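# Results of the structural survey
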Amino acid sequence: MVLTRLIYISTLSPTCDTHTLDDILAISRKHNQQNHLTGLLSHNNKYFLQCLEGSREAVNSTYNRILDDERHDNVQILYFQEIHTRAFGDWSMGDIPESYLTALINLQFSSTPDFNPYEMSGESAFQMLLELKQRLPSE
Ligand SMILES: Cc1cc2nc3c(=O)[nH]c(=O)nc-3n(C[C@H](O)[C@H](O)[C@H](O)COP(=O)(O)O)c2cc1C
């Protein structure tokens, strides 16, 4: 089983509210624990940026399910890599809400103070998640 990391971005559908986000996190944590997947989901009121780590098979099958999900669209892969170690092994799906995505953080990893992951490279997105995980409690 080859350990793999995938980072993708997407746009929230207009109907996506905080209840929807809670539902997404709950089902993600349940499935990801079963599939030995770990990762983080960051989001503001417009965009998602998610990292999934685990076996290549589990990452791919989960990503294919996520692609079909009508709660978001314009899904784009930023980063896909075979890895030696997990970076986000403490979270079956860590939640990074908008309050973490400060102007300071956005300016550190992108060209604007706003969170717009469509303007980010895969490496910047990964580095930003590494920085954010240090502020996040373990699950
Ligand atoms: C932004 C976003 C992130 C998601 N992340 C995950 C995830 O990490 N793991 C997962 O199993 N499902 C995730 N989902 C949910 C899947 O798209 C899908 O709804 C769910 O896996 C189906 O579960 P069910 O067949 O038990 O209903 C995510 C959905 C969205 C919109």
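These figures come from a predicted structure and were not determined experimentally.

Criteria and thresholds
In this convention, every chain numbers its residues from 1, walking through the sequence in written order. Residues qualify for local features only when their pLDDT is at least 70, as the model is predicted, and side-chain atom pairs are given and counted only at 80 or more; totals for whole chains, interfaces and linings, by contrast, use all residues. For side-chain calculations, the full set of non-hydrogen atoms in the structure is used, while hydrogens and water are omitted. We call a residue near a molecule or strand as soon as one heavy atom of that residue lies within 4 Å of the molecule or strand. Polar contacts, as counted here, are pairs of nitrogen or oxygen atoms within 3.5 Å of one another; within protein the pair requires one atom able to donate a hydrogen and one able to accept it, and residues that are adjacent in sequence qualify only if both atoms are side-chain atoms. Residue burial considers only the protein chains on display, and all accessible areas are found by Shrake-Rupley using a 1.4 Å probe. Each cavity reported here is a set of points on a 1 Å grid over the protein atoms alone in which a 1.4 Å probe fits but cannot get out, each pocket an open set with protein on both sides within 12 Å along at least five of seven lines, and each lining residue one with an atom within 4 Å of a point. Cavity and pocket membership follows a simple rule, namely that a molecule belongs there if more than half of its atoms are within 2 Å of the grid points. Secondary structure follows DSSP: runs of H or I at least 4 residues long count as helices, runs of E at least 2 residues long count as strands, and numbering of each begins at the N terminus. By the convention adopted, Pro, Cys, Tyr, Trp, Phe, Met, Ile, Leu, Val and Ala count as nonpolar, Lys, Arg, Asp and Glu as charged, and the other residues, Gly among them, as polar.

What follows is about the site of the ligand. Around the ligand lies a shell of 16 residues, among which Ser-28, His-31, Asn-32, Arg-65 and Asp-69 are the nearest. Note that an oxygen atom of the ligand is positioned 2.8 Å from one of the side-chain N or O atoms of His-31. In this structure, an oxygen atom belonging to the ligand sits 2.6 Å away from a side-chain N or O atom of Arg-65. Within the complex, the protein chains bury 80% of what would otherwise be the 620 Å² of accessible surface of the ligand. In a pocket analysis with a 2 Å cut-off to the grid points, the ligand is assigned to the largest pocket. If you list the elements that add at least two residues to the shell around the ligand, you get α1 (18-34), β3 (47-55) and α2 (56-67). Per-class residue counts for the shell around the ligand are seven nonpolar, six polar and three charged.

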